[in-house]
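# Overview (structure and organization)
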Amino acid sequence: MATHYVTEELTSSLAVAAGMPIPPGQLTAATELLDALFAMEALLAPLDLDGVEPELRWDARWTVTAAEGVEA
Amino acid sequence: MSYQPSSSDLCELSVGEAMRLLRFGDISPVDLVQSSLDRISALEPSLHAWVKVMGDEALAAAETAETELRSGNDRGPLHGIPVAVKDIVDVAGVPTKCGSPVREDVAPAETDAPVVTALRNAGAIVLGKTVTQEFAAGVISAPARNPWNPDRIPGGSSGGSAAAIAARVCPIAVGTDTGGSIRIPAAACGVVGLKPTYGRVSKRGVYPLAWSLDTVGPLAATVEDAALMLNAIAGFDPLDPQSTDEPWQDATEELDRDLTGVRVGVLRDHFMERVQDDVAAAFELSTPVFAEQGAEVVDVNWPEAALARAAGMIINRVETVAVHEDAMRKLRDRYGEELQVRVGANRLFPSAGYLRALKARVAIKRSIQRVFDENRLDAIIVPSLPGVASPADDTAIVYSDGSREPVAFAYTRLATVFNCTGQPALSLLNGFDLEGLPTGLTIAGRPFQEARVCRIGAAFERATTFRQRRPALIGE
């Protein structure tokens, strides 16, 4: 399964733009993986998800101390 | 004379068998653990299932268990039973290396993961840590090999745990399942693997792969063993944000019952579209067994099954990026190439696509609930994998039309469906292909109804004789 729209050139330039370049030796494999993921998304296209809210459980309570928080 | 594995070795006992002998005083926990350690020593040069064997600690714990049992301090069915732990799960005093050079110098874990604490509280004895694919992101689990044929992979990512169970080193092991990582190696190695409902078992102290899919559960010699282990590790953990506070039903409660009054749906959509011939044949032979045990068996359709795999894979891959991208910026060269490629590529997938997959998961969950409700089902059955364990030097599934599919896609194509839905799924041995390699059958149930899933699995296990066959590595 593949879309074949994702080229190695596209993968390479996107990776550079996103700040994590992909070494040339990994470009072919990376392009295949990214292409496969887009193909997966294309499979979802027939679903009518209008009005569907994703189940995101997030807790706004302050339950961790600052020391346990994310480093700046 | 050198050690030769034998079916009379104590380590071959299931939990169910050992617990009875332990209580009659016919065997001791020390005997059991020593038997496991002897088998590890004998097989490890071929099996490569362990990253750390905790022999001295295990023997000391076994002596304590022996004293407790003799004094009447019985902690329950797992008391004195050896258990293996996948090396992404914290065991106090042991570094959790996750199969990665990135963590080669990591400090030993300070505390046990709650799942390990629960096992110790139940009297189980930790034998050591088992091989996983790097950070549990894959299905090959090198260097571990398959006891049915050491030229084959054990599947993954809980491959070391499955190989250890299949080689009858110990009867239970801890695995984790994000895209199939309990059920895939269970099927490839011919053992039982139970992915509980998402949120049923605490995943604190377990290195994440994809937070909204990660599930901890048992690999085991028998369905009863898996149920006994699940009883020990299941439960609400208020410190795990994804833990669910649902009422618990003893997973062994229905094990002795036949399948009268149970409705089982046979699902072929997606699951039978591209499978090896021997796997398809074994699956078709399995379906009448459920009816013979009293179940009402009906064919059902679930057109969204392929979408469940797609959404599950997107969620899995993108969350894995989020887990690793910061470390990979600093330590890229210490990651294995497969994970470097995976994170590098999937980092470029758009966030809108990830959120669409999360929305799709909601719709897909509703769709499988409709299938269960409209057909009044207790469970559905499907093949666990489209093919048997692949050769270690050519990790692809080859189909009868000559086409090939890399195992990373083939194995997850069926298994990831139930990570997307979150429902419990049990893989168990369903016969062998013409080369003697195991095939697997999956029973997926309603959320939080692990007891019913185990009942159906146990009835199938009782009605078949597959477990009597022994892997090549441990001889006839």
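Residues numbered from 1 in each chain as written. Chains lettered and ligands numbered in written order. Predicted model: local features only at pLDDT ≥ 70, side-chain atom pairs only at ≥ 80, totals over all residues. Heavy atoms only, no water.

## Examining the overall build of chain A
Counting its secondary structure elements, chain A contains 2 helices and 0 strands. Scored against the burial criterion, the 72 residues of chain A give a buried share of 32%. (Helix = DSSP H or I, 4+ residues; strand = E, 2+ residues; numbered from the N terminus. Buried < 20%, exposed > 50% of the residue type's maximum accessible area, 1.4 Å probe, protein only.)

## Thoughts on the overall build of chain B
A tally of regular secondary structure across chain B gives 14 helices and 13 strands. Over its C-alpha atoms chain B spans a radius of gyration of 21 Å, differing by no more than 12% from the 23 Å that the globule rule assigns to 476 residues. Counting only C-alpha atoms and orienting by the principal axes, one finds that chain B spans roughly 60 × 55 × 45 Å. When burial is assessed residue by residue, chain B has 64% of its 476 residues classed as buried. Taking as baseline every contact in chain B between residues at least 6 positions apart, the subset at least 24 positions apart corresponds to 75%. Per element, the accessible surface of chain B, about 16600 Å² overall, is 49% carbon and sulfur. Counting 47 positive and 61 negative side-chain charges, chain B places the averaged centre of each group 5 Å from the other. (Rg over C-alpha atoms; globule rule 2.2 N^0.38 Å. Contact = heavy atoms within 4.5 Å. Areas by Shrake-Rupley, 256 points an atom, 1.4 Å probe, with all protein chains shown as cover. Lys, Arg positive; Asp, Glu negative; His and termini not counted. Charge placed at Lys NZ, Arg CZ, Asp CG, Glu CD.)

## Considerations on the environment of proline 150 of chain B
Residues and elements named next belong to chain B. The topology assignment puts proline 150 in the loop between strand S3 (125-130) and helix H5 (159-166). For proline 150, a relative accessible area of 29% translates into the label partly exposed. Residues proline 150 and valine 94, spaced 56 residues apart in sequence, show a C-alpha to C-alpha distance of 28 Å. Among residues more than four places away in sequence, those in contact with proline 150 are Arg145 and Leu473.

## Points about the pairing of strand S7 (residues 263-267) of chain B
If a strand is regular, its side chains alternate between the two faces of the sheet. All names here are of chain B. For S7, the tally of buried residues reaches 5 of 5 residues, placing the bulk of the element in the interior. Here S7 shows two buried faces, one formed by Arg263, Gly265 and Leu267 and the other by Val264 and Val266. For S7 and strand S8 (residues 296-300), the ladder comprises 5 bridges, and the chain directions are parallel. Across the sheet, the residue bridging to valine 264 is valine 297, located in S8. Assessed by its sense of winding, the connection that carries the chain from S7 through helix H8 (residues 277-292) to S8 is right-handed. Both S7 and strand S9 (residues 379-383) contribute to a ladder of 3 bridges, which runs parallel. Among the inter-strand pairings, glycine 265 is bridged to a residue of S9, identified as isoleucine 380. (Pairing = 2+ DSSP bridges. Right-handed = clockwise from strand over helix to strand, strands pointing away.)

## Quick word on the nonpolar core
Of all hydrophobic cores here, the largest spans 76 residues; its most connected members are Val89, Phe290 and Ile443 of chain B. Here this core takes 7 residues from helix H7 (residues 223-233) of chain B, the largest share from any one element. Among all residues touching phenylalanine 290 of chain B, those that are not within four sequence positions of it are Leu259, Ala295, Val297, Ile381, Leu441, Ile443, Ile456 and Phe460 of chain B. Counting 52 residues, the second-largest nonpolar core is a separate cluster that includes Met40 and Leu44 of chain A together with Ala357 and Val417 of chain B. (Core = buried A, V, L, I, M, F, W, Y, C linked by side-chain atoms within 4.5 Å.)

## Brief notes about the interface of chain A and chain B
Counting residues at the interface gives 32 residues for chain A and 36 residues for chain B. Summing both partners gives a buried area of about 3100 Å² for chain A against chain B, and 70% of it is carried by carbon and sulfur. For lysine 365 of chain B, the salt bridge is made with glutamate 55 of chain A, and the minimal N-O distance between the two is 2.9 Å. At the level of secondary structure, the elements contributing two or more residues to the side of chain A that touches chain B comprise helix H1 (8-17) and helix H2 (27-44) of chain A. Tallying contributions element by element places H2 of chain A first for the side of chain A that touches chain B, with 11 residues. For the side of chain A that touches chain B, a count of residues per class yields 24 nonpolar, 4 polar and 4 charged. (Buried area = accessible area lost by both parts, 1.4 Å probe. Salt bridge = Lys/Arg side-chain N within 4 Å of Asp/Glu carboxyl O. Nonpolar A, V, L, I, M, F, W, Y, C, P; charged D, E, K, R; others polar.)

## Comments concerning the sheet that holds S3 of chain B
All names here are of chain B. Taken in spatial order, the 11 strands line up as S1-S3-S2-S4-S6-S5-S12-S13-S9-S7-S8 in an open sheet, and their pairing is mixed. The sheet is open, and its two edges are formed by strand S1 (50-53) and S8, each paired on a single side. Across the sheet, the mean angle from the axis of one strand to that of its neighbour is 30°, orientation sign disregarded. Lying on the sheet, helix H14 (residues 450-463) is in contact with strand S5 (192-195), S7, S9, strand S12 (425-432) and strand S13 (438-445); it crosses S12 at an angle near 10°. (Axes fitted to C-alpha atoms, helices over the stretch in contact; angles between N-to-C directions.)

## A closer look at the pairing of S13 of chain B
Residue and element names in this part refer to chain B. A large share of S13 lies buried, amounting to 8 of its 8 residues. Covered by surrounding structure in S13 are Pro438, Gly440, Thr442 and Ala444 together with Thr439, Leu441, Ile443 and Gly445, the residues of both alternating faces. In this structure, S9 lies alongside S13, joined through 5 bridges in antiparallel fashion. What sits directly across from proline 383, in S13, is leucine 441. One ladder, built from 6 bridges, connects S12 with S13; its direction is antiparallel. If you follow leucine 426 over to S13, its bridge partner there is isoleucine 443. Linking two consecutive strands that pair antiparallel, namely S12 and S13, is a turn of 5 residues; a positive phi of about 85° is found at glycine 436 within it.

By themselves, these observations are geometric and do not establish any function.
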